[in-house]
Amino acid sequence: MRAHRLALFLCLLVLMLLAGSACEPEPLSLQTPVQVSATPGRDLALELPIPSREPATPVPDVTPIPQPTESGPAAAPPEISYRLSAELDWLERTVAVDQQVDLRNTTGAPLREVVFTLDMNGNEETFRLKRVLTGAGLRLDNYTIEGTQLTVRLPQPLLPGGLLSLRLVFDLAVPRIRAGYRYGHMGYLGYSDRQVNLGNWFPLVANYHPVRGWICPQPHTIGEQSVRPVADFDVTLRVVNAPETLKAAAPGQVTEEAGGWRFVLPRAREFTVSVSDRFEMLSTSTASGAVVELYYFPDSDRGLAAPRHALVTAAQALALFEQRFALPYVHGRLIVVEGDFPDGMEFSGLVFVSGDWFRAWLGIPNDWLTLITAHEVSHQWWYSAVGNDQGADPYLDEALAIYSELLFFERYYPEHVNWWWNFRVEAYSPSGFVDASVYDFHSPRPYINAVYLQGARMLQALRDDLGDAAFFAWLQRYAAQMDGQVATPDDFWGALSSDEYAATFATRTRFLRNVHVLARSADLP
């Protein structure tokens, strides 16, 4: 019976390994936006409620966009599930966690070990593993931790189709958010005087490749390096030594429990929560029924203008991207959190937007608050829905995310499209290969220039090559085919027809190191 249950858990865990995370934010030393117009073209902020628990108010819908006539297969249901019971000590900034992972072995081969990624272990003082057990309570001592990789060796192989349950008991010392961009932008796992952010805070099953086996990317100071399969999450978070005004910002279905909350989030890449005793909340909804909640810090000097603008931007972006990419937002609620750290960061169902952008907002649409908010929301498609190896192929999420900013401006602020190109891209005279990996760079600016900015140029050139109808049909096919999976460059370019792929040859030659991505004979010299 023990072997059977061990097999059950291991199998579920493997499937989660097939997916990927995140967004490299812009350094804060960038230029100040030029004020093209003093006010937005439409006063959308006035359509939003003041902080309230009243029912959400819908934002204007966008003009329907033609959907593709063909659609990809439905996303497979997740076969990895996580159940966490966590206790946060608000005063000590520590978390005690009992985590269970259920895994089905879908690899087709016996598994003799399970590998987890430990993103939180970049600082070795943050994570302390106390015990590893089977679901039946059998202690497993044959495990190793090497940097951000935890390898658990199984007492007997987990056979194909078998299920396994594992328990990880550990303590987490949440680090203080550091000053400056280089380390401060990782404040999605960190605390300030008013906020505790738990992002990338517990072990996740590594990606399993049928040829390469377990893939646990090496950490790097540039970009993100995760490869995350879709899974189900059930998280109970209790807080001790907490003020009565404490609020939790987190995605999924939320229920209040004694001393805390329970969150249930299916079909996600991870689970993230931000907790504060000073949060206020604004909410609205889209025509499709998605609820958008913005958690912000009240500021008597700036009032509600910046939070309302960020909320409108997030709701408009969600509505637009659902239609542009022909893929519904699956989590029901989208959480936008003002973060006490630089720039922004995306997670499944939740995005952070730095408080720096709220404070610096000039009251106009062509500003960083608009750009970063729309960018992070787009990652609900290019990361959360369609995963990728963010270390090896960062353009598969970041180039698409920055180009999604342009789509946002084309739809809502067309008078600022030229500004977007000049301010966001051309001002930096970007160069480099779009298909570079994060490991090719050792400072943020060259990485952003190549993957993000050259990526935007490449996508515009591809749009010109194909025409609007074929270009958006391609993105829609790609999203439908890879929804819930981990995409590769072959999947991205393979969603083109043979004729369309051939029509992009000159653009691929200009922007890619690997011009012949698909190595089709008709395309080779």
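Residues numbered from 1 in each chain as written. Predicted model: local features only at pLDDT ≥ 70, side-chain atom pairs only at ≥ 80, totals over all residues. Heavy atoms only, no water.

### Thoughts on the sheet that holds strand β18 (residues 273-276)
Strand pairing in a sheet relies on backbone hydrogen bonds. The paired strands run either parallel or antiparallel.
Stage number 1. Judged by pairing direction, the sheet is antiparallel, and its four strands sit side by side in the order β9-β10-β18-β15 without closing on themselves. Of all the strands in the sheet, just β9 (189-191) and β15 (247-249) have a single pairing partner and so form its edges. Adjacent strand axes in the sheet meet at a mean angle of 15° when their direction is disregarded.
Stage number 2. With three bridges connecting them, β15 and β18 associate as antiparallel partners. Bridge pairing links Ala-248 to Val-275 in β18. (Pairing = 2+ DSSP bridges. Helix = DSSP H or I, 4+ residues; strand = E, 2+ residues; numbered from the N terminus. Axes fitted to C-alpha atoms, helices over the stretch in contact; angles between N-to-C directions.)

### Overview of the sheet that holds strand β4 (residues 111-117)
Stage number 1. Reading across from one edge, β6-β7-β4-β11 is the order of the four strands in this open sheet, with antiparallel pairing throughout. Looking at strand neighbours, the two that pair on one side only are β6 (143-146) and β11 (204-205), the edges of this open sheet.

### Notes on the environment of Leu-400
Stage number 1. Assignment of secondary structure puts Leu-400 in helix α7 (residues 395-412).
Stage number 2. Remark: the alpha-carbon pair of Leu-400 and Leu-459, spanning 59 residues in sequence, is separated by 7.8 Å.
Stage number 3. If near-sequence neighbours (up to four positions away) are discounted, Leu-400 is found in contact with Trp-382, Tyr-395, Leu-459, Leu-475, Tyr-478 and Phe-492. (Contact = heavy atoms within 4.5 Å.)

### Considerations on the pattern of salt bridges
Stage number 1. What the rule picks out here adds up to 21 salt bridges.
Stage number 2. Across the salt bridge formed by Arg-457 and Glu-426, the nearest N and O atoms sit 2.5 Å from each other. Residue Arg-457 is found in helix α9 (residues 444-466), and its partner Glu-426 is found in the loop between α8 (417-425) and α9; the two are separated by 31 residues along the sequence.
Stage number 3. According to the relative accessible area criterion, Glu-426 is partly exposed, its value standing at 33%. (Salt bridge = Lys/Arg side-chain N within 4 Å of Asp/Glu carboxyl O. Buried < 20%, exposed > 50% of the residue type's maximum accessible area, 1.4 Å probe, protein only.)

### Notes on unusual backbone geometry
Stage number 1. The backbone of Arg-267 shows a phi angle near 50°, a positive value even though the residue is not glycine.
Stage number 2. With respect to the helices and strands, Arg-267 occurs in strand β17 (residues 260-268).
Stage number 3. The residue Asp-343 is not glycine, and still its phi comes out positive at about 65°.
Stage number 4. Considering the arrangement of structural elements, one finds Asp-343 in the loop between β21 (333-339) and β22 (344-347).

### With respect to the packing of aromatic side chains
Stage number 1. What the rule picks out here adds up to 39 aromatic pairs.
Stage number 2. Ring plane angle 50° and centroid distance 6.1 Å describe the contact between Phe-408 and Tyr-413, whose orientation is recorded as tilted.
Stage number 3. Classification of Phe-408 as buried rests on a relative accessible area of 0%.
Stage number 4. Look at Tyr-413 and you get buried, because its relative accessible area is 2%.
Stage number 5. Pairing Trp-419 with Phe-423 gives two aromatic rings, centres 4.9 Å apart and planes at 10°, and the pair type is stacked. Remark: Phe-423 and Trp-419 occur in helix α8; sequence separation between them is four residues, near one turn of the helix. (Phe/Tyr/Trp six-rings, centres within 6.5 Å; stacked < 30°, edge-to-face > 60°.)

### Some points on the side chain of Ser-348
Stage number 1. By the element assignment, Ser-348 lies in the loop between β22 and β23 (350-354).
Stage number 2. According to the relative accessible area criterion, Ser-348 is buried, its value standing at 0%.
Stage number 3. At 2.9 Å, the side chain of Ser-348 forms a polar contact with the backbone nitrogen of Arg-269. (Polar contact = N/O pair within 3.5 Å; in protein donor to acceptor, adjacent residues only side chain to side chain.)

### Topic: empty space enclosed by the protein
Stage number 1. Of the volumes computed, that of the largest cavity is approximately 100 Å³.
Stage number 2. What lines the largest cavity is Val-230, Arg-267, Leu-327, Pro-328, Tyr-329, Val-330, His-331, Gln-380, Ser-384, Ala-385, Asp-483 and Gly-484.
Stage number 3. Split by residue class, the lining of the largest cavity holds six nonpolar, four polar and two charged. (1 Å grid on protein atoms, 1.4 Å probe; cavity = no way out; pocket = protein on both sides within 12 Å on 5 of 7 lines; lining within 4 Å. Points joined across faces, edges and corners; volume = space filled by probe spheres on them. Nonpolar A, V, L, I, M, F, W, Y, C, P; charged D, E, K, R; others polar.)

### Side note on the nonpolar core
Stage number 1. Trp-420, Trp-474, Tyr-478, Phe-492 and Trp-493 are the most contacted members of the largest nonpolar core, which totals 88 residues.
Stage number 2. Here this core gets 12 residues from one element, more than from any other, and that element is α9.
Stage number 3. Among all residues touching Tyr-478, those that are not within four sequence positions of it are Trp-382, Val-386, Leu-396, Leu-400, Ala-487, Asp-491, Phe-492 and Ala-495.
Stage number 4. In terms of nonpolar packing, the next biggest core, distinct from the first, is built from 71 residues, Val-95, Val-101, Val-239 and Ile-335 among them. (Core = buried A, V, L, I, M, F, W, Y, C linked by side-chain atoms within 4.5 Å.)

### Overview of α9
Stage number 1. The terminal C-alpha atoms of α9, which comprises 23 residues, lie 32 Å apart, in line with the 33 Å expected from a rise of 1.5 Å per residue.
Stage number 2. With its phi angle positive at about 90°, Gly-467 sits one or two positions after the end of α9. (Expected span 1.5 Å × (residues − 1).)

### So, the pairing of strand β7 (residues 149-158)
Stage number 1. Pairing geometry for β4 and β7, over six bridges, is antiparallel. Note on β7: the bridge partner recorded for Thr-117 is Gln-149.
Stage number 2. Taken together, the four bridges between β6 and β7 define a ladder with antiparallel strand orientation. Following the sheet pairing, Thr-144 is matched in β7 by Thr-151.
Stage number 3. Between β6 and β7, which pair antiparallel and follow one another directly, the connecting turn spans two residues, one of which, Gly-147, has a positive phi of 65°.

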